[in-house]
Amino acid sequence: MEKIASLCKRRGFVFQSSEIYGGLSSCWDYGPLGIELKRNITEAWWRDMITSREDMVGLDSSILMHPRVWEASGHVAGFTDPLVDCKQCKQRFRADQLSGERCPECGGELTESRNFNLMFKTFMGPVEDTASVVYMRPETAQGIFVNFQNVLNSSRQKIPFGIGQIGKSFRNEITPGNFLFRTREFEQMEIEFFVKPGEDERWHAYWKAERFAWYQKYGVNPARLRLREHGSDELAHYAKGCADVEYEFPFGWSELEGIANRGDFDLKQHAQFSGKDLSFFDEEARERFVPYVIEPSAGVGRPLLAFLVDAYDEDVVQDETRVVLRLDPRLAPVKAAVFPLMRKDGQPEKAMAIRDQLKRHFAVAYDQAGAIGRRYRRQDEIGTPFSITVDHETMQNDTVTVRERDSMQQVRMPVDRLVDELRARVTVGRAGVIAPAL
Ligand code: GAP
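So, here's what we can say about the structure.

So, the site of the ligand
Taken together, the neighbourhood of the ligand is formed by 21 residues, with Glu-139, Arg-171, Thr-183, Glu-190 and Glu-255 sitting nearest. The contact in question runs from an oxygen atom of the ligand to an N or O atom on the side chain of Glu-255, over 2.5 Å. At 2.8 Å, a backbone N or O of Leu-256 approaches an oxygen atom of the ligand. Protein burial of the ligand: of its 550 Å² of free accessible surface, 90% is covered by the chains. Elements with a contribution of two residues or more to the shell around the ligand: β10 (185-195), β13 (252-263) and β16 (292-299). Residues that form the shell around the ligand fall into these classes: 6 nonpolar, 5 polar and 10 charged.

Listed below in structure tokens is the structure:
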């Protein structure tokens, strides 16, 4: 993890929030490469889960919602973790994560455990009183439930169908940590899939398989992935059943995504609290029911960290250690780098012209500094799948060499084929899994 965190900082994937002020604990900023990687992940999810499917639509609901939403959802009463303080060193811990009776840091005496609500509170409008309390949403899911009828009335969807959303969530975690893994501000990619009661088990099995396969589709090593069913003592207050997709991080097997069967808990609660009918009338069967909900709920930071950890590799090339991120080309932040072999004979100008042509389609870098081997290494370290070199032959016949990151194989090809060849290998939604050598 230290190697990944240091690479992230050095190359501009992730910075600590407000670093010049000493940093803000558990908050992170995505740098120029990190934001490209994050966007590629969320775009892959959006395309695979929403736009390429007939039974899914998207939504972007607001972070601040009516406070009654969180009463209905059970978050005001129940979204708590058991908190203990050390009387000696004043550190705070989650009681359910401690193995002994004493402080794990200093051995001091601990207070009695008390329930701590994880929602961030703030005030809406100029008056800071109890009537103006609003919460920063702790999950995007509730924005979907309260819009269920709006989407049903305004789209042509019928049960079974789902609503997906990507957005920020906030939780005042007692013990954040492990870099991007547990933070207080994070992004979620959530689906609420509405089904007929009785068909929920089948759809739950479907979504577990679908989401488990998604990580492998983007290159995560299957040996480091598992699907873990929750025991009945682990289930959230709303869940009939749940399984987690887990990844074997350097700090152990941990959750990337939860896939829960929420039953009809949420729609019934919101119907009761709002007084609005949230049932569905099935025209064919002539029956009315409150749909059950299957919820595949992933973060963005955790999958991003898993993609990075999984892609990180070191090998030896010409007696030198090479750090290489073997990211799926569709997720890689930079798709291709263009180099002039020499800084003369018109090669830089030609390389820049190729860069400008490719830039209209993909994220592309240009580098003319230092020996060509060094330039390859700089791209390998950030996971750039293809490096294109302009040399003296280019100036004669308009061909370039294209080097593939993993095999380090090079082929020569005409400049006018570059856009099509790259597009076939680096575009999300294209057929083919890992790009073969060109
Ligand atoms: N709507 C259901 C829900 O929010 P969850 O298991 O609490 O379920 C879903 O969260 C996903 O959101 C997790 O699998 C994880 O990827 C991400 N997540 C939750 N809390 C997080 C945190 N503090 N930091 C980063 N990601 C988090």
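Additional details are given in the paragraphs that follow.
Thoughts on the packing of helix α2 (residues 32-51) against helix α7 (residues 200-217)
At a minimum axis distance of 12 Å, the contact between α2 and α7 shows a crossing angle of 140°. Classed by the angle they form, the pair α2 and α7 counts as oblique. Classified by chirality, the crossing of α7 by α2 is right-handed. Contacts from Ile-41, Ala-44, Trp-45, Asp-48 and Met-49 of α2 reach α7 at Trp-207, Arg-211, Trp-214 and Lys-217.

Overview of the pattern of salt bridges
Per the counting criterion, the structure on display carries 51 salt bridges. Here Arg-326 ties to Asp-406 by a salt bridge, and the two come within 3.2 Å at their closest N and O atoms. Of the two residues, Arg-326 sits in the loop between β18 (320-325) and β19 (336-340) while Asp-406 sits in the loop between β22 (399-404) and β23 (410-414), which places them 80 residues apart along the sequence. Overall, Arg-326 belongs to the partly exposed group, its relative accessible area being 28%. Beyond isolated ion pairs, a larger network of salt bridges with shared partners links Asp-313, Asp-315, Arg-322, Arg-326, Arg-377, Asp-380, Arg-403, Arg-405 and Asp-406.

Here we look at the sheet that holds strand β5 (residues 92-94)
One open sheet accounts for 3 strands, arranged β5-β4-β6; its pairing is antiparallel. Strands at the two margins of the open sheet, each flanked by one partner only, are β5 and β6 (114-117). On average, adjacent strands in this sheet sit at an angle of 50° to one another, irrespective of strand direction. In this structure, strand β4 (residues 80-85) lies alongside β5, joined through 3 bridges in antiparallel fashion. Bridging across to β5, Asp-85 finds its partner in Arg-92.

Topic: the pairing of β4
With 4 bridges connecting them, β4 and β6 associate as antiparallel partners. Within β6, the residue paired with Leu-83 across the bridge is Arg-114. Counting the residues in the hairpin turn of β4 and β5 gives 6 residues, including Lys-90, whose phi is positive at 70°.

Observations concerning the nonpolar core
Grouped together as the largest cluster of nonpolar side chains are 54 residues, with contacts concentrated most on Phe-13, Trp-214, Tyr-215 and Phe-307. For Phe-13, the contacting residues outside a window of four places in its chain are Leu-7, Cys-8, Asp-29, Tyr-30, Gly-31, Leu-33, Gly-34, Leu-37, Leu-308, Leu-325, Pro-333 and Ile-382. Among the nonpolar cores identified, the runner-up in size contains 18 residues, and Ala-351, Val-390, Val-402 and Val-415 belong to it.

Thoughts on the environment of Met-395
One can find Met-395 in helix α12 (residues 392-397). Between the C-alpha atom of Met-395 and that of Tyr-247, which follows or precedes it by 148 residues, the distance is 48 Å.

Description of the side chain of Glu-381
Relative to the helices and strands, Glu-381 is located in helix α11 (residues 372-382). Within the structure, Glu-381 has its side chain in polar contact with the side chain of Arg-11 (distance 2.9 Å). Those residues in contact with Glu-381 that sit more than four places away from it in its chain are Leu-7, Arg-10, Arg-11, Val-323 and Leu-325.

Quick word on helix α10 (residues 347-359)
The terminal C-alpha atoms of α10 lie 18 Å apart, and with 13 residues this matches the ideal 18 Å at 1.5 Å per residue to within 8%. Listed as buried for α10 are Gln-347, Pro-348, Ala-351, Ile-354, Arg-355 and Leu-358. Projected down its long axis, α10 shows its buried positions confined to an angular sector of 125°, all on one face. On the buried face of α10, the contacting elements are β19, β20 (364-366), β21 (386-390), α12, β22 and α13 (418-426).

Topic: the packing of aromatic side chains
According to the stated counting rule, one finds 20 aromatic pairs in the structure shown. Pairing Trp-28 with Phe-179 gives two aromatic rings, centres 4.8 Å apart and planes at 85°, and the pair type is edge-to-face. In this pair, Trp-28 sits in strand β2 (residues 28-30) while Phe-179 sits in the loop between β9 (161-170) and β10, placing the two residues 151 residues apart along the sequence. The buried category is assigned to Phe-179, whose relative accessible area is 13%. Above the face of the Phe-181 ring, Arg-302 is positioned so that its terminal group lies 3.8 Å from the ring centre.

Details of the environment of Ser-232
Among the secondary structure elements, Ser-232 is positioned in the loop between β11 (225-229) and β12 (241-249). Judged by its relative accessible area of 70%, Ser-232 falls in the exposed class. On a C-alpha basis, the gap between Ser-232 and Cys-242 in space is 9.1 Å, while along the polypeptide they are 10 residues apart.

So, the pairing of β9
A large share of β9 lies buried, amounting to 9 of its 10 residues. Pairing analysis gives 4 bridges linking strand β3 (residues 56-59) to β9, with the strands arranged parallel. The partner of Gly-58 across the bridge, within β9, is Gly-164. Where β9 lies against β10, 10 bridges are found, and the strand directions are antiparallel. The residue bridging Ser-169 from the neighbouring strand is Phe-186, located in β10.

Topic: the sheet that holds β20
Across the sheet, which stays open at both edges, the 5 strands sit in the order β20-β19-β21-β22-β23 with mixed pairing between neighbours. Since the sheet does not close on itself, it has two edges, and those belong to β20 and β23, each with one partner. Here the average twist between neighbouring strands, direction ignored, is 25°. Pairing of β19 with β21, which is carried by 5 bridges, proceeds in the parallel orientation. The partner of Val-338 across the bridge, within β21, is Ile-388. Strand contacts of α13: β19, β21, β22 and β23, with the helix running at about 165° to β21, the strand carrying the most contacts.

Rules used throughout
- Residues numbered from 1 in each chain as written.
- Predicted model: local features only at pLDDT ≥ 70, side-chain atom pairs only at ≥ 80, totals over all residues.
- Heavy atoms only, no water.
- Near = heavy atom within 4 Å.
- Polar contact = N/O pair within 3.5 Å; in protein donor to acceptor, adjacent residues only side chain to side chain.
- Areas by Shrake-Rupley, 256 points an atom, 1.4 Å probe, with all protein chains shown as cover.
- Helix = DSSP H or I, 4+ residues; strand = E, 2+ residues; numbered from the N terminus.
- Nonpolar A, V, L, I, M, F, W, Y, C, P; charged D, E, K, R; others polar.
- Axes fitted to C-alpha atoms, helices over the stretch in contact; angles between N-to-C directions.
- Parallel < 35°, antiparallel > 145°, perpendicular 65-115°, else oblique.
- Left-handed = near helix turned anticlockwise from the far one by under 90°.
- Contact = heavy atoms within 4.5 Å.
- Salt bridge = Lys/Arg side-chain N within 4 Å of Asp/Glu carboxyl O.
- Buried < 20%, exposed > 50% of the residue type's maximum accessible area, 1.4 Å probe, protein only.
- Pairing = 2+ DSSP bridges.
- Core = buried A, V, L, I, M, F, W, Y, C linked by side-chain atoms within 4.5 Å.
- Expected span 1.5 Å × (residues − 1).
- Arc of directions from axis to C-beta.
- Phe/Tyr/Trp six-rings, centres within 6.5 Å; stacked < 30°, edge-to-face > 60°.
- Lys NZ or Arg CZ within 6 Å of the ring centre and 35° of its normal.

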